[in-house]
Amino acid sequence: MTSPHSSYLLGLIGSGIGPSLSYALHEREADHHGLRLLYRPLDLDQLSLGADDVGELVRTAGRLGYNGLNITYPGKQTVIPHLDGLSEDAKALGAVNTVVFDADGRARGHNTDWSGFAQSFTQGLGDAPTRQVVQLGAGGAGAAVAHAMLTLGAGQLTLVDTDPGRASALATRLTARFGPDRAAAAPRERLAEILAVADGLVHATPTGMAHHPGLPFPAELLHPELWIADVVYRPLDTELLREARALGCRTLDGGGMAVHQAAHAFRLFTGYEPDPDRMLAHMATLVAD
């Protein structure tokens, strides 16, 4: 954990991050601690950079004196080879969403996505059945929420991704950590079949984000017995959640995950203890603006 200082320079690296509320969440929480904290977006689209450029961008930020960075789509996995170390969680997940620079400029990767999702799910859908859970998306965010679901006790998690190899690789890592038969990959062609008998669906793809609007699959595949947890938080009310609620499904938006992962990252960046309830109130205000 970082030793507390009086001022911090932080940033967010990702694609299409203009609508992100990360900067406001961190800066408002810092105000309550009497800290000077400047949080700046580093948008890959605006910089004409791609996922493979994230590592060099992190290195540049370290040389410029940044104390830490959040990493979002599409760099949570491509950044890893460029870091000087990983936390145990980040190493196990193969995904990083938080980078902290030490006094010598060394960059260490962490993952607060999984714990943020776990906390949000426990609060919002903690009593929901999780014998059979389907997860759509096996990228950086997908690795984190899959880890969270199995940590919370999901019986079996079926992973579906547009890249079948990525889903299979994640399933292999998860079964190595949580035991055989806890996770498996399935082709997208089987999505209707497996959703029909599932307790719930975790949506962990960019579809539904401000820059990627729409549904990740046909709405006809939803059914009232299915709960839906979405990791997208901007907008909070995605088309997927609206369609699910219209059928009577229980739903969980991505706001809680966004707040709790930010709170955990704030602790890593500053060494100060955040107040998640206060940050949730900030989120509600920001979304309403």
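Located above this text is the structure these notes cover.
My aim in this report is to walk through the structure given alongside it, one point at a time. (Residues numbered from 1 in each chain as written. Predicted model: local features only at pLDDT ≥ 70, side-chain atom pairs only at ≥ 80, totals over all residues. Heavy atoms only, no water.)

You can see aspartate 113 is positioned in helix 4 (residues 113-125). Only 2.7 Å separates the side chain of aspartate 113 from the side chain of lysine 76, close enough to count as a polar contact. (Helix = DSSP H or I, 4+ residues; strand = E, 2+ residues; numbered from the N terminus. Polar contact = N/O pair within 3.5 Å; in protein donor to acceptor, adjacent residues only side chain to side chain.)

As a further point, take the sheet that holds strand 10 (residues 200-203). An order of 9-8-7-10-11-12 is seen for the 6 strands of this open sheet, with the pairing classed as parallel. This sheet does not close on itself; its edge strands, each paired only once, are strand 9 (183-185) and strand 12 (251-252). Here 4 bridges tie strand 10 to strand 11 (residues 227-230), and the two strands are oriented parallel to one another. The residue of strand 11 that forms the bridge with leucine 201 is isoleucine 228. The sheet strands contacting helix 5 (residues 140-151) are strand 7 (132-136), strand 8 (156-160), strand 9, strand 10 and strand 11, and the helix crosses strand 7 at an angle near 170°. Across the sheet, helix 6 (residues 164-178) lies against strand 8 and strand 9, angled at about 165° from strand 9, the strand it touches most. (Pairing = 2+ DSSP bridges. Contact = heavy atoms within 4.5 Å. Axes fitted to C-alpha atoms, helices over the stretch in contact; angles between N-to-C directions.)

This part covers the layout of surface pockets. The space that makes up the largest pocket amounts to roughly 960 Å³. Lining the largest pocket we find 49 residues, and of these Thr72, Tyr73, Lys76, Ala141 and Met209 sit closest to its centre. Broken down by secondary-structure element, the contributors of at least two residues to the lining of the largest pocket are helix 1 (22-32), strand 3 (68-71), helix 5 and helix 9 (255-270). Broken down by element, the lining of the largest pocket gets its largest block of residues, 4 residues, from helix 9. In terms of residue class, the lining of the largest pocket is built from 23 nonpolar, 20 polar and 6 charged. Considered as a void within the structure, the second largest pocket measures approximately 360 Å³ in volume. Around the second largest pocket, the lining is made up of 20 residues, and of these Val100, Phe101, Asp102, Ala103 and Arg106 lie nearest the centre. (1 Å grid on protein atoms, 1.4 Å probe; cavity = no way out; pocket = protein on both sides within 12 Å on 5 of 7 lines; lining within 4 Å. Points joined across faces, edges and corners; volume = space filled by probe spheres on them. Nonpolar A, V, L, I, M, F, W, Y, C, P; charged D, E, K, R; others polar.)

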